[in-house]
2 protein chains.
Amino acid sequence: MRACGLIVEYNPFHNGHLYHQEASREQTDADVTVAVMSGSFLQRGEPAIIDKFSRTKAALYHGVDVVLELPFIYAVQYADLFAKGAIATLDAIGVDTVCFGSESGRIDDFSNHYEQFKSHETQFHSVRQQFLNEGDSFPQASTKAYDAIGLRSQELDLGQPNNILGFSYVKAIKELHSSIQPDTITRTKSHYHDETINYSIASATSIRKELLEYGQLTEASQNALPDETVRQLHHYADKALWHDWEHYFPYLQLLVQTHSHRQLQHIHGMIEGLEYRLKQTVDQADSFREWMSLLKTKRYTWTRLQRMFVHLLTNTTKDDVAAYDELTTPPYVRLLGMTQTGQQWIRSKKKSLEVPLISNMQQTDHDLMAIEERATDAYYLPIEPHKRRLLKQQEIKGPIIV
Amino acid sequence: MRACGLIVEYNPFHNGHLYHQEASREQTDADVTVAVMSGSFLQRGEPAIIDKFSRTKAALYHGVDVVLELPFIYAVQYADLFAKGAIATLDAIGVDTVCFGSESGRIDDFSNHYEQFKSHETQFHSVRQQFLNEGDSFPQASTKAYDAIGLRSQELDLGQPNNILGFSYVKAIKELHSSIQPDTITRTKSHYHDETINYSIASATSIRKELLEYGQLTEASQNALPDETVRQLHHYADKALWHDWEHYFPYLQLLVQTHSHRQLQHIHGMIEGLEYRLKQTVDQADSFREWMSLLKTKRYTWTRLQRMFVHLLTNTTKDDVAAYDELTTPPYVRLLGMTQTGQQWIRSKKKSLEVPLISNMQQTDHDLMAIEERATDAYYLPIEPHKRRLLKQQEIKGPIIV
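Just so it is clear, the structure is predicted and the values come from calculations on it, not from any experiment. Position numbers for residues count from 1 along each chain, tracking the sequence in the order it is written. Each chain gets a letter, beginning with A, and each ligand a number, beginning with 1, in the order they are written. Totals for whole chains, interfaces and linings use every residue, but because this is a predicted model, local features are given only for residues with pLDDT of at least 70 and side-chain atom pairs only at 80 or more, for both listing and counting. Side-chain figures throughout are based on the complete set of non-hydrogen atoms in the structure, without hydrogens or water.

A. Spatial organisation of the overall build of chain A. Labels follow the DSSP assignment, with helices taken as runs of H or I lasting at least four residues and strands as runs of E lasting at least two, numbered in each case from the N terminus. The helix and strand tally for chain A stands at 20 helices and eight strands. Over its C-alpha atoms chain A spans a radius of gyration of 20 Å, differing by no more than 12% from the 21 Å that the globule rule assigns to 402 residues. Three labels apply to residues, based on accessible area from a 1.4 Å probe with only protein chains included: buried if under 20% of the type maximum, exposed if over 50%, partly exposed otherwise in between. A total of 402 residues make up chain A; the buried ones form 60% of that total. Considering only contacts within chain A whose residues lie at least 6 apart along the sequence, 75% involve residues at least 24 apart. We get accessible surface area from the Shrake-Rupley algorithm with a probe of 1.4 Å; when it comes to residues, only the shown protein chains can shield them. Of the accessible surface of chain A, which amounts to about 16200 Å², a share of 47% is contributed by carbon and sulfur atoms. Counted as positive: Lys and Arg. Counted as negative: Asp and Glu. His and the chain ends are not counted at all. Note that the charge is assigned to NZ on lysines, CZ on arginines, CG on aspartates and CD on glutamates. Side chains of chain A give 41 positive and 51 negative charges; the mean places of these two sets differ by 3 Å. We compute the radius of gyration from the C-alpha atoms alone; for a globule the expected value is 2.2 Å times N to the 0.38, where N is the number of residues. Should any heavy atoms of two residues lie within 4.5 Å, those residues are considered in contact.

B. Main features of the packing of helix α15 (residues 288-295) of chain B against helix α16 (residues 302-313) of chain B. All names here are of chain B. Whenever a helix is involved, its axis is fitted only over the stretch in contact; in every case the axis is a line through C-alpha atoms, and angles between N-to-C directions fall within 0 to 180 degrees. Where α15 meets α16, the axes come as close as 10 Å, and the angle between the chain directions of the two elements is 120°. In terms of their interaxial angle, α15 and α16 are classed as oblique. Here α15 and α16 pass one another in a crossing that is right-handed. Between α15, through Phe 288, Arg 289, Trp 291, Met 292, Ser 293 and Leu 295, and α16, the contact on the second element is made entirely by Trp 302, Leu 305, Gln 306 and Phe 309. The residue classification treats Ala, Val, Leu, Ile, Met, Phe, Trp, Tyr, Cys and Pro as nonpolar and Asp, Glu, Lys and Arg as charged. All others, Gly included, are polar. Split by residue class, the contact of α15 with α16 holds seven nonpolar, two polar and one charged. Each angle is binned into one of four classes, with values under 35 degrees roughly parallel, values over 145 roughly antiparallel, values of 65 to 115 roughly perpendicular, and all other values oblique. Two helices cross in a left-handed way if the nearer one is turned anticlockwise from the farther one by less than a right angle. They cross in a right-handed way if the turn is clockwise.

C. Region of interest: the domain arrangement of chain A. All names here are of chain A. For chain A, the assigned domains are domain 1 (3-103 + 160-243 + 328-401) and domain 2 (246-322). Taken together, the contacts link 24 residues of domain 1 with 16 residues of domain 2. In total, about 1700 Å² of surface goes out of reach between domain 1 and domain 2, with carbon and sulfur atoms giving 59% of it. Across the pair Asp 320 and Arg 374 runs a salt bridge whose closest N-O atoms are separated by 3.0 Å. The element best represented in the side of domain 1 that touches domain 2 is helix α19 (residues 367-380), accounting for five residues. Note that domain bounds follow an automatic or database assignment of domains. What counts as buried area is the accessible surface, traced by a 1.4 Å probe, that two parts surrender upon association, with contributions from both included. By salt bridge we mean one thing: a side-chain nitrogen of Lys or Arg within 4 Å of a carboxyl oxygen of Asp or Glu.

D. Inspection of the packing of helix α5 (residues 107-119) of chain A against helix α8 (residues 161-175) of chain A at higher detail. All names here are of chain A. Look at α5 against α8: their axes get within 10 Å of each other, and the N-to-C directions meet at 65°. Classed by the angle they form, the pair α5 and α8 counts as roughly perpendicular. The chirality of how α5 crosses α8 is right-handed. The residues of α8 that touch α5, namely those facing Ile 107, Phe 110, His 113, Tyr 114, Glu 115, Phe 117 and Lys 118, are Asn 163, Gly 166, Phe 167, Val 170, Lys 171, Lys 174 and Glu 175. Taken together, the residues that form the contact of α5 with α8 break down as six nonpolar, three polar and five charged.

E. How the structure looks around the interface of chain B and chain A. With 27 residues of chain B at the contact, the number on the chain A side is 27 residues. Summed over both sides, the interface between chain B and chain A buries roughly 2300 Å², with carbon and sulfur atoms accounting for 49% of that surface. Salt-bridge contacts for Lys 392 of chain B lead to Asp 283 of chain A; the nearest nitrogen and oxygen are separated by 2.9 Å. Side-chain atoms alone can form a polar contact between residues adjacent in sequence; in general such a contact is a pair of N or O atoms within 3.5 Å, and within protein one must be able to donate a hydrogen while the other accepts it. Taken together, the connections running from chain B to chain A amount to 14 residue pairs in polar contact (both at pLDDT 80 or more). Of all elements in the fold, only α12 (249-258), α19 (367-380) and α20 (385-392) of chain B reach the threshold of two or more residues within the side of chain B that touches chain A. If you tally residues by element for the side of chain B that touches chain A, the top one is α12 of chain B, at eight residues. Grouping the amino acids of the side of chain B that touches chain A by side-chain chemistry returns 10 nonpolar, 10 polar and seven charged.

Put into structure tokens, the structure is as follows:
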């Protein structure tokens, strides 16, 4: 059985992933689709709107056969570290290919770009540092540095978001010396920032806006989202709520107010004196979004600030991340769910795995799981205690099987 | 002008203090009454039901002439340290006497007991340690140790709560070599644990119960409380809310869940592996009170647990407290409010003060004020941001003058 790996978040705001997954299956002609999925918090530094178990179910009903959890420590990171965690997980479980969406759509261009990147790597880093010193944000400086070493060619423009992420996957495969074959398909534009829904592949921003403003899905959104996603959204709302940064605002205020500058400095993502800016502004905002707009500068991008807030909320320190930065094999692989096909494939792989495959949080006492547990605890906090307990029980059950 | 010092909390639950203050004034025949008052959190480890500014107003309308703030670091502590902070503050401002309520009511007995205590101090400590080792709580062990060295005599029983506190004041006066003269009056029983209000000096427990269960004061409570206290309770509720531990429950959960055992161990009051017990029980309770009953043992008394929670919430470490444990003179005295008589007295004292007298939080950058600020921030957290900002502005205004 040939297995194709996907790297997904399955947040209804990021519909692109669902699309990719369906398309990739046809294109790669794989027997099994194995997704590595972010858990409670997403790469852009946001709580997932519904929990990982609900998103696992949606994924399984939409054609994914195996859902693995991307460890939290890699999930809320810039592209390179995110990619490294995802590829290392897929490599550990033994998929044959990885398929991702990109604006480019041609995998050879990615490989060629990697060769060119390697031969100009020193130059790349020094140019990026220079732009960082001039006050550019990390993504801006990276794009300019890619430009300087000729990686914003017509064939593959590393100024486009999905190309950048895809390039990180290819880099991770090469650098981990993995035998995984990368593949890419053209990503259909999802017009990320459009504010109204008027086509069937809905934009993330407009669905988000609806959810927050009306607290429910309009018919237009329901039509734009896959059925199972809609079902899971409603089902989760009945048990809990739709998670949003605003729910966590009071906790962030407490932490910023009661922690010293020195304590805040230990938090991953707390860079360049951001802790001072946090303390100066914490009392001025009436909401999380207001606080964000007070904090945002050219240098501190929205995403970067949100990621730092995830790490503050979950007490994730620079030391925590540094411990996993250089790791090439994950200490375990966490199985969240599978179909019967997936189960068959997992059985065929199980004996040759070099790391433990676990499905229950209590099956390991590795430090990485302790961090995972903090992320879960923080994520579920806005839910009333008695409901929260029921949701957390999912962490110590076996995998979801559909 | 002869000034009499009082040590108070002015929480409507602790009506005894109001009573003392009125009585003491008559008895001591002082010209000025100077109260040192706890700020946001009280000695028993609770958030004050209304803020320190409202309580200052109530105190000033009820006959106190000067209200000083007992620094937070001393306010939420066992009797000896609480007493030390309070006496050091009154000594720094220069009162002539300190008057407190006690079951005994005879000051000579306190002085005599102090002499006896000093000559048996080593024995006292070793007996107390022995009972602590056997699993007794701190107050239980202390009482037994007082018993062992003969300090539970008929004249003055150091097993009674107000006698214990009073004895701490006398000890602090002696040990700080203060020239303050202690004085005591008999404390009218307030039947602390009675559950219904049926006499005019209402019990704290019954008023508290009413407030929590009905969210308002019944007529019986209103009659039992001084007018100005009732007015301040209503006035504060209009602007904010009546503070209760339940408001802080989610924050405590976050902190226990996301902090490591080692991080929790730094918190003042986190003793004897309590951090393990906290982590084991955090997910089991639906409310703060439920959590407390899961945590409470013979050894971990309700008060001791609540104090620890105050320190966890405000991020007050063992090091923070250790830095002030041995201090004999406060770094500053904070003036919260005064009457015109009080103002006159303050003027007469101002020149001879050895420490700065401040009324605005921004007048000092001492570490002690940084801790105070954390306590204020944590205290006001359950209030919506825009209302909270207005309340906090009081911290940077001059003293309240009535």
